[in-house]
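# Commentary on secondary and tertiary structure
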Amino acid sequence: MRFMIIVKASADSEAGKMPSTELLEAMGKYNEELVNAGVLLAGEGLHPSSRGARVRFHGGERTVIDGPFQETKELIAGFWLIQVKSMDEAIEWVKRAPMLDGDEIEIRRVFEAEDFGAELTPELREQEERLRERVAAA
């Protein structure tokens, strides 16, 4: 099972404040543990929402909204993508993350092809597999 581990934004991350050297060292050690355990697929920090944009869809219209966005509690500052056997295992990994007091992490399972059932026709499944192969080769 794949899980996205979502690090919620804070006032500091939205202000563009960089983590301390100590926190970066702890994060590097944690990431190395994830890699050594063979569970890390990806992981990155994100720039503040002031450097981002949103696109709102309504009918045929597309509206671009430039950041920053006001509700910090609804924003993310970074993520990990891990592959483990269960939600319990994902939770155990997250509990070990070097975070600051008040930080919050959300864990969300990533859909797999089999989760879509009959709606994912054989043709759509084949297309999905071809696209994944192309991405892996790039």
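The name given to the protein in an unreviewed UniProt entry is YciI family protein, with the source organism recorded as [Empedobacter] haloabium. Of the comments in the UniProt record for the protein, the one headed Sequence similarities (unreviewed entry) reads "Belongs to the YciI family."

What follows deals with the overall build of the protein. Summing up its helical and strand segments, the protein has four helices and six strands in all. Along the protein, helices and strands appear, N-terminal first, in the series β-α-α-β-β-β-β-α-β-α. In terms of its C-alpha atoms, the protein occupies a principal-axis envelope of roughly 50 × 45 × 30 Å. The buried share among the 138 residues of the protein stands at 24%.

With zero of six residues buried, strand E4 (residues 61-66) lies mostly on the surface of the structure. Taken together, the six bridges between strand E3 (residues 53-58) and E4 define a ladder with antiparallel strand orientation. Across the sheet, residue His58 finds its bridge partner in E4, namely Glu61. Taken together, E3 and the strand that follows it, E4, pair antiparallel across an intervening segment of two residues, in which Gly59 is found at a positive phi of about 60°.

Reading across the sheet, the four strands line up as E2-E5-E1-E6 and stay open at both edges, with antiparallel pairing between neighbours. A strand with exactly one partner marks an edge of an open sheet, and here the two such strands are strand E2 (40-45) and strand E6 (105-109). The average undirected angle you get between the axes of adjacent strands in this sheet is 15°. Summarising the sheet, E2 and strand E5 (residues 76-83) pair through five bridges and their orientation is antiparallel. The residue of E5 that forms the bridge with Glu44 is Phe79.

The next subject is the environment of Lys8. Structurally, Lys8 is set in strand E1 (residues 2-8). Along the backbone, Lys8 and Leu46 are 38 residues apart, and their C-alpha atoms lie at a distance of 11 Å. Not counting residues within four places of it along the chain, the set of residues in contact with Lys8 comprises Lys73, Leu75, Ile76, Ala77, Glu104 and Glu106.

Together, Val55, Phe57 and Val64 give the surface a local cluster of nonpolar side chains, amounting to about 310 Å² of exposed area. Residue position: Phe57 is located in strand E3. In this structure Phe57 comes out as exposed when scored by relative accessible area, which is 57%.

What follows covers the side chain of Glu14. Structurally, the position occupied by Glu14 is in helix H1 (residues 11-14). Although buried, Glu14 forms no salt bridge, and the nearest oppositely charged side chain, Arg54, lies 8.2 Å from it.

About the thresholds
Residues numbered from 1 in each chain as written. Predicted model: local features only at pLDDT ≥ 70, side-chain atom pairs only at ≥ 80, totals over all residues. Heavy atoms only, no water. UniProt positions renumbered as here; feature names shortened; annotations may be inferred. Helix = DSSP H or I, 4+ residues; strand = E, 2+ residues; numbered from the N terminus. Buried < 20%, exposed > 50% of the residue type's maximum accessible area, 1.4 Å probe, protein only. Pairing = 2+ DSSP bridges. Axes fitted to C-alpha atoms, helices over the stretch in contact; angles between N-to-C directions. Contact = heavy atoms within 4.5 Å. Patch = residues over 30% accessible without salt bridge, like charges linked within 9 Å, V, L, I, M, F, W, Y side chains within 5 Å. Areas by Shrake-Rupley, 256 points an atom, 1.4 Å probe, with all protein chains shown as cover. Salt bridge = Lys/Arg side-chain N within 4 Å of Asp/Glu carboxyl O. Lys, Arg positive; Asp, Glu negative; His and termini not counted.

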